[in-house]
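# Coordinate analysis (summary)
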Amino acid sequence: MTKNVIVAIDPSYHCTGITIVELNENNACEKYHFFRVMYDKAKTKTGKPYKPRPVKNINDYVYTMPTNIDVNDIIIDEEDENNAEQCEVTLKSMMSSQKIYQACIDVLSKLKNLDNIYIALENYIMPSFNGKNNLKNVSGLIILQGLIRRNLIMYAIKENIKIKLLTPTPKTVKSKFSYNGDADKDMMVNCFINDYDGAQLIPEIKNLSVDAINDVVDSFAIAWYAYGKIIKKINGFDEENNAR
């Protein structure tokens, strides 16, 4: 019987990776659910839907920008580039967060008698924006993260389930998962395969490109990090001695 569940999310507009881990009554990892939530830019422009290549054990969700409203429909000054960008990231955040929520609820709604939902959402800390594009990206991710948190917290309130939130930085997650805070995509995927039985969890992984799988791997790393942090709270284990 699942009593607690971890929902780990690596948010991105291009492709959000999600790992949901069901913990059994002894708080051992019992079942994994993997998702990719991808942006379909082509359908938004042409009307032809994007169909990602299916990967066994990974569920895919695709979101688009709304077709019945455009950024220019909701701004007053069309020459205000910053205003237009903020409206664009707001619309994209709304559409993306809704699909992310749908993916999570497709699992959570089937789990009965849950005690706790542990949300682990990767945070972004940037000491310097270093230009306009970074400011746009960071502000957009802040909106997206806020909507994801809002949706999942509202679900927990509605269902009367306790919810707890963890927001580690990418460097912190990488340090715990791969022992290298600067690990790149290839290193994270190789670590997942070699140290965490990744080929058992995602059988096709060795035949996939890094870009096709790295977001899911990052979400798994976030889930593993969260498990190490919360198991001490659940069972009083020493997280460092029960790392792997």
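A brief look at the structure comes next. (Residues numbered from 1 in each chain as written. Predicted model: local features only at pLDDT ≥ 70, side-chain atom pairs only at ≥ 80, totals over all residues. Heavy atoms only, no water.)

## Examining the overall build of the chain
- A count of helical and extended segments in the chain gives seven helices and six strands.
- Reading the secondary structure of the chain in the N-to-C direction produces β-β-β-α-β-α-β-α-β-α-α-α-α.
- A burial count over the chain gives 45% of its 244 residues as buried.
- Within the chain, contacts between residues at least 6 apart in sequence are counted, and of these 64% link residues at least 24 apart.
- Carbon together with sulfur atoms contributes 48% to the accessible area of the chain, which is approximately 13100 Å² in total. (Helix = DSSP H or I, 4+ residues; strand = E, 2+ residues; numbered from the N terminus. Buried < 20%, exposed > 50% of the residue type's maximum accessible area, 1.4 Å probe, protein only. Contact = heavy atoms within 4.5 Å. Areas by Shrake-Rupley, 256 points an atom, 1.4 Å probe, with all protein chains shown as cover.)

## Quick notes on the environment of Y196
- Summarising the element assignment, Y196 is placed in the loop between helix 5 (185-195) and helix 6 (198-201).
- Here the alpha-carbon distance between Y196 and A221, two residues 25 residues apart in the chain, equals 9.7 Å.
- Reaching out from Y196, the side chain makes a polar contact with the backbone oxygen of F177 at a distance of 2.8 Å. (Polar contact = N/O pair within 3.5 Å; in protein donor to acceptor, adjacent residues only side chain to side chain.)

## Re a nonpolar patch on the surface
- The grouping of I153, M154 and I157 at the surface amounts to a nonpolar patch, some 280 Å² of accessible area in total.
- The topology assignment puts M154 in helix 3 (residues 132-159).
- On the basis of relative accessible area, M154 is assigned to the partly exposed category, the value being 43%. (Patch = residues over 30% accessible without salt bridge, like charges linked within 9 Å, V, L, I, M, F, W, Y side chains within 5 Å. Salt bridge = Lys/Arg side-chain N within 4 Å of Asp/Glu carboxyl O.)

## Focus on helix 5
- Among the residues making up helix 5, those that are buried are M188, V189, C191, F192 and I193.
- Regarding helix 5, its N-cap is D184, as a side-chain oxygen of that residue lies 3.3 Å from the backbone nitrogen of D186 further along.
- Positive phi shows up at D197, right after helix 5, with a value of about 55°.

## Digging into the sheet that holds strand 2 (residues 15-23)
- Strand order in the open sheet formed by six strands is 4-3-2-1-5-6, and the pairing between neighbours is mixed. In this open sheet, the two strands that pair with only one neighbour each are strand 4 (58-63) and strand 6 (162-166). Each adjacent strand pair in this sheet contributes to an overall mean axis angle of 20°, direction not counted.
- Inspection of the sheet shows strand 1 (residues 4-10) paired to strand 5 (residues 116-121) by six bridges, in the parallel sense. Along strand 5, the bridge assignment pairs V7 with I119.
- Sheet strands touched by helix 2 (residues 81-108): strand 1, strand 2, strand 3 (29-39), strand 4 and strand 5. Its angle to strand 4, the strand with the most contacts, is close to 150°. (Pairing = 2+ DSSP bridges. Axes fitted to C-alpha atoms, helices over the stretch in contact; angles between N-to-C directions.)

## Observations regarding the packing of aromatic side chains
- Here the structure, examined in full by the defined rule, presents 11 aromatic pairs.
- Plain terms: the ring middles of F177 and Y196 are 4.2 Å apart, the flat faces sit at 10° to each other, and that makes the pair stacked. Of this pair, F177 sits in helix 4 (residues 170-178) while Y196 sits in the loop between helix 5 and helix 6, placing them 19 residues apart in sequence. Accessibility assignment for this pair places F177 and Y196 in one class, buried.
- Centre to centre, the rings of F177 and W224 are 6.2 Å apart; their planes meet at 70°, and the pair counts as edge-to-face. With F177 in helix 4 and W224 in helix 7 (residues 210-235), this pair connects stretches of sequence that are 47 residues apart. An identical accessibility class is assigned to F177 and W224; each is buried.
- These aromatic residues form a ring-pair network of at least three members: Y32, F34, F177, F192, Y196, F220 and W224.
- Stacked on the ring of Y39, the Lys or Arg K92 has its end atom at 4.4 Å from the ring centre. (Phe/Tyr/Trp six-rings, centres within 6.5 Å; stacked < 30°, edge-to-face > 60°. Lys NZ or Arg CZ within 6 Å of the ring centre and 35° of its normal.)

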